[in-house]
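Residues per chain, in single letters:
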Amino acid sequence: MQQTAELETQRQKDVSDEVLLSVRNLRTYFPILGGILRHKVGEVKAVDGISFDVKRGETFGLVGESGCGKTTTGRTILRLQKATSGEIIFEGQNVLSLSSSQMKARRRDMQIIFQDPYSSLNPRMPVGDIIGEGLRVHGLRDRREREKTVQYFLSVVGLRKEYVRRYPHEFSGGQRQRIGVARALALRPKFIVCDEPVSALDVSVQSQVLNLLADLQKEFGLTYLFIAHDLSVVEYLSDRVAVMYLGKMAELATSEELYARPLHPYTKALLSAIPNPDPLVRSKRIVLQGDVPSPINPPSGCRFRTRCPIAYERCATEEPEFREVVPSHFVACHRAEESTSLMAALIARDEITKAVPA
Amino acid sequence: MDGVVKAVDGVDMAIAPGRTLGVVGESGCGKSVTSLSIMRLIDPPGWIAGGQITFDTKDLVKLSEQEMRHIRGDKISMIFQEPMTSLNPVFTVGNQVGEAIRVHRGVSKREAETRVVDLFRMVGIPSPERRIHDYPHNMSGGMRQRVMIAMALALQPSLLIADEPTTALDVTIQAQILELIKDLRTKVNTAVLLITHDIGVVAEMADEVIVMYTGKVVEQGDVISVLNSPKHPYTVGLLNSIPSLGVKNQRLNVIPGTVPSPLNLPKACTFAPRCPHVMGICTEQEPPLKTLEGGAKVRCWLY
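Below is a summary of the structure that appears in this document. (Residues numbered from 1 in each chain as written. Chains lettered and ligands numbered in written order. Predicted model: local features only at pLDDT ≥ 70, side-chain atom pairs only at ≥ 80, totals over all residues.)

**Overview of the nonpolar core**
Let me state the cut-off plainly: Each nonpolar core reported here comprises buried Ala, Val, Leu, Ile, Met, Phe, Trp, Tyr and Cys residues connected via C-beta atoms within 7 Å. Residues are called buried when their C-beta atom has 20 or more other C-beta atoms within 10 Å, exposed when it has 12 or fewer, and partly exposed otherwise; all C-beta atoms are positioned from the backbone. C-beta atoms are first placed from the backbone for all residues, and any pair lying within 7 Å is then listed as a contact.
Membership of the largest hydrophobic core comes to 175 residues, with the highest contact counts inside it found for L225 and F226 of chain A together with A150 of chain B. For F226 of chain A, the residues in contact, after removing those within four places along its chain, are T59, F60, G61, L62, C194, V234, L237 and S238 of chain A.

**Observations regarding helix α4 (residues 93–105) of chain B**
Residues and elements named next belong to chain B. Note the cut-off: Helix numbering and strand numbering both begin at the N terminus, where a helix is a DSSP run of H or I of at least 4 residues and a strand a DSSP run of E of at least 2. A helix's residues, less one, multiplied by 1.5 Å, set its expected span. The bend at a residue is defined as the angle formed between two axes, one fitted to the seven residues ending at that residue and one fitted to the seven starting there.
With 13 residues, α4 extends 19 Å from end C-alpha to end C-alpha; this agrees with the ideal 18 Å at 1.5 Å per step. Of all the bends in α4, the greatest, near 25°, is centred on E99. Every buried residue of α4 is listed here: V93, G94, Q96, V97, G98, A100 and I101. The inward-facing, buried residues of α4 abut α5 (109–122) and α7 (141–153). Just downstream of α4 lies G106, where phi reads positive at about 65°.

**Some details on the environment of D116 of chain A**
Among the secondary structure elements, D116 of chain A is positioned in the loop between β6 (110–113) and α4 (127–137). Note on D116 of chain A: 15 C-beta atoms within 10 Å, which makes it partly exposed.

**Notes on the interface of chain A and chain B**
You'll often see interface size given as the accessible area lost when the parts meet. Rule in force here: Classification convention: Asp, Glu, Lys, Arg as charged; Ala, Val, Leu, Ile, Met, Phe, Trp, Tyr, Cys, Pro as nonpolar; all other residues, Gly among them, as polar.
Listed as interface residues are 40 residues of chain A and, on the opposing side, 45 residues of chain B. Elements represented by at least two residues in the side of chain A that touches chain B include exactly α1 (5–10), α7 (203–220), α8 (231–237) and α10 (265–273) of chain A. If one sorts the elements of the side of chain A that touches chain B by residue count, α7 of chain A sits on top with six residues. Residue composition of the side of chain A that touches chain B, grouped by class: 20 nonpolar, 11 polar and nine charged.

**Some remarks on the pairing of strand β6 (residues 191–196) of chain B**
Residue and element names in this part refer to chain B. Selection criterion: A pair of strands is treated as paired once DSSP finds two or more bridges between them.
A large share of β6 lies buried, amounting to six of its six residues. As paired elements, strand β1 (residues 20–24) and β6 share five bridges and run parallel to each other. Pairing of T20 across the sheet is with V192, part of β6. Pairing analysis gives five bridges linking strand β5 (residues 159–163) to β6, with the strands arranged parallel. Residue pairing across strands places L160 opposite V192, the latter belonging to β6.

**What about the sheet that holds strand β8 (residues 223–228) of chain A?**
Residues and elements named next belong to chain A. Stated precisely, the cut-off is as follows: Axis lines are fitted to C-alpha atoms, over the contacting stretch for helices. Their N-to-C directions set the angle, which ranges from 0 to 180 degrees.
Strand order in the open sheet formed by eight strands is β6-β7-β8-β3-β9-β10-β12-β11, and the pairing between neighbours is mixed. The strands lining the two open edges of the sheet, one partner per strand, are β6 and β11 (322–326). The average undirected angle you get between the axes of adjacent strands in this sheet is 25°. For strand β3 (residues 59–63) and β8, the ladder comprises five bridges, and the chain directions are parallel. Opposite V63, over in β8, you have A228 as the bridge partner. Relative to β8, helix α2 (residues 70–77) is tilted by about 150°, and along the sheet it contacts β3, β7 (191–195), β8 and β9 (240–245).

**Thoughts on the environment of R299 of chain B**
Residue and element names in this part refer to chain B. Residue position: R299 is located in the segment after β10 (297–298). Overall, the presence of 24 C-beta atoms within 10 Å leaves R299 in the buried class. Between the alpha carbons of R299 and R144 there is a distance of 39 Å; along the sequence they are 155 residues apart. Not counting residues within four places of it along the chain, the set of residues in contact with R299 comprises K216, V217, V218, H232, P287, P288 and L289.

This is a description of form; function is not addressed.
Following this line, the structure appears as C-alpha cells:
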C-alpha cells in the first residue's frame, strides 16, 4: 500500500501544544470486604499512581491487557468511578475537587463512548431520547430544538433521521455503536473517552466506526482518550500511546516511536505477540511465561519482573522510575537503555520464544 | 415457523492429516455451525439437512448417537471459545480431563490421573500435580484454555476443531496458546480445523483457508494465495479493512452496508448489494464455486 502526500495531509490534525487534561498521581483502589462484619480486608489496586497529559486535539491511546487499569483510568477521569487519590486537571480545574453541580456543568465537556453497544443503550428508550437525554438534562428544554439537534447528530454518524423513533434492538452492533457516538457528541464536548469502542464489532464494521471517529475528530475539534487492547487499532488512530501494566504506566511515546522502537520489555512482548496477517512473514515471537499477577498483591519493585525476561536483582527491590529515556519517550524500566540488545540476544538463542519452557 | 435459516448452505471442505484448515468469516457466516455439525452437536430445532461428512471412511451424518460418542473426544475433539463456560464448574480440572481418558480407554482412575499430569505438563501448566485438583474458577483464562487443549489432545485425536480458541484471551496469552497448538500439532500430527475471524491467527496457523459469507464458501485456497492475492471482493474488502501495524495515516477500507439477515438473503449472489464490482448477472444468477488455475476456488462472476 502506498502512502502519498495527499493522504498525509488528509490525516493532518490540529494537535496543539496546549494541555487539555492533566492526570497527576492517580490512584483508584477497590476495597475487598470480608469477614462477618464486612470490613476492608484488602484492596484491588486497579490504578496505582499514573501521570500523563493529553493535549488539545490529540488522540491519546491507552493500551494494556485485562486488569491493567486502563478502563478504570478512563472512568475515573470522568468521575464514573471514585478516585482514591491524585488529581485530574481539566482546563486548569481539578475535576476531583468539584461539587456535584460544578461537576454536572463540566460533564458537558467530557463524554464517553462505551465498549458494549448492546448493554450501553437503554433498551426501553427510543434512539432519539437516548441521544437527546443529555441535552434535556443540561437545559435544552425546547422539544423541537432537541429533535433538530438529535437528527443532526444522527446524520453526522451516518444514520437516517427517521431512526429517531426506533429502539436499540432494531439496530445492528455497528449501528448501535454509532448511536453511542451520537450520544457522546450531542453536547458538543471537548473531550471523549473512547473505551474499547470497536472491540465488540466485526472487523468490517470496525473500520467504519474507526473512520467515523477520525472524521469527527477533525470536524468537531475533539480530543480523545482511546482505550483499547488491540494494538493495531490504537496505533491507527493515536498520536501518542501509553502502555499500562498492573495499574502502572510502563511506557509512553508517539505511536510511530512506540511501535518502531519499544523499550519496555512488556511493550516488546506485546507487539511481538500480535499475529502478522502476512502468511509469508515468519518471525520469532517473544512468548511471556506465566500469568499476570494479582493487583491485590502486586510484586515488589517492578511489577513486571515476575514475567520479565531481563529482570535482575534491582527489579525486586526498587520500583523503576517513569523517566524520559529518549526525548518524549518515557519508560519505567531499570534496563531501558539495554533492553533492545538484551532481548534480541535472547530471541536469537530461542530462549524466550517457546510456548513451554524447556 | 417464521422461516428457515440456512446457516450452512452447501459447504465442501477437506483436511489431510497434519494439515491446518482455517475458516474465516464474520459473525453469522456459518463457521461455528459448520464445526458443530461435524461433531453432530447441533441441537433441535436445528438439523443437518443434507450432505456427507466423511471421516476415516465413515459418514458421520449417518452414525447413531452412540457411535458418535465413541468418536467425539477420541478421534475428533474440540476446543471452544469461552473456556469458562466450557468447563464444568463443579468438577476439578483433573477430573474433567481424566474423564475422557477413563471413558474411552477404560483405565483406572489412578492411571488416568498420571496421564493427566503428563498432559498438563505438556501444555505448560506449572506444578501440574497440584493443579489437577483445582476447579476452573481457581484458574485464569489462559490456564483454562490450556486445560481445554489438554482435554482435546488427551486421546491424540486425528482431528482437532478449534473454534475461536484465543478470541477471549489477551494477546500475550494468545501467543502462548498458538505456539502451543503449533508445537503439539507437530508432535501428534493432528489435523486442525481452525475457526477464527482474526486474519493474523489464520496467517500464522493455517495451510489452507476457506472464507465464508452467509453460509457459503466464497473463496478457498492455500493461505498464501488467499491472504496475499485475494480474489473474491469480500475477501479483498475484509483484508483491507484491518488496520495493520506500521501502516498509519490512511483511511481504512470499508465494506459498505452490513451482513444481510439470514432470513432475508439477497437473491442470486448474496454479496452483490455490498460489492464494488457488481454486474448485471450478479443479481440474477448465483455464481458457482469455480476452480481457477493454481487450485484456488472463488464464487464470483468476475472469474
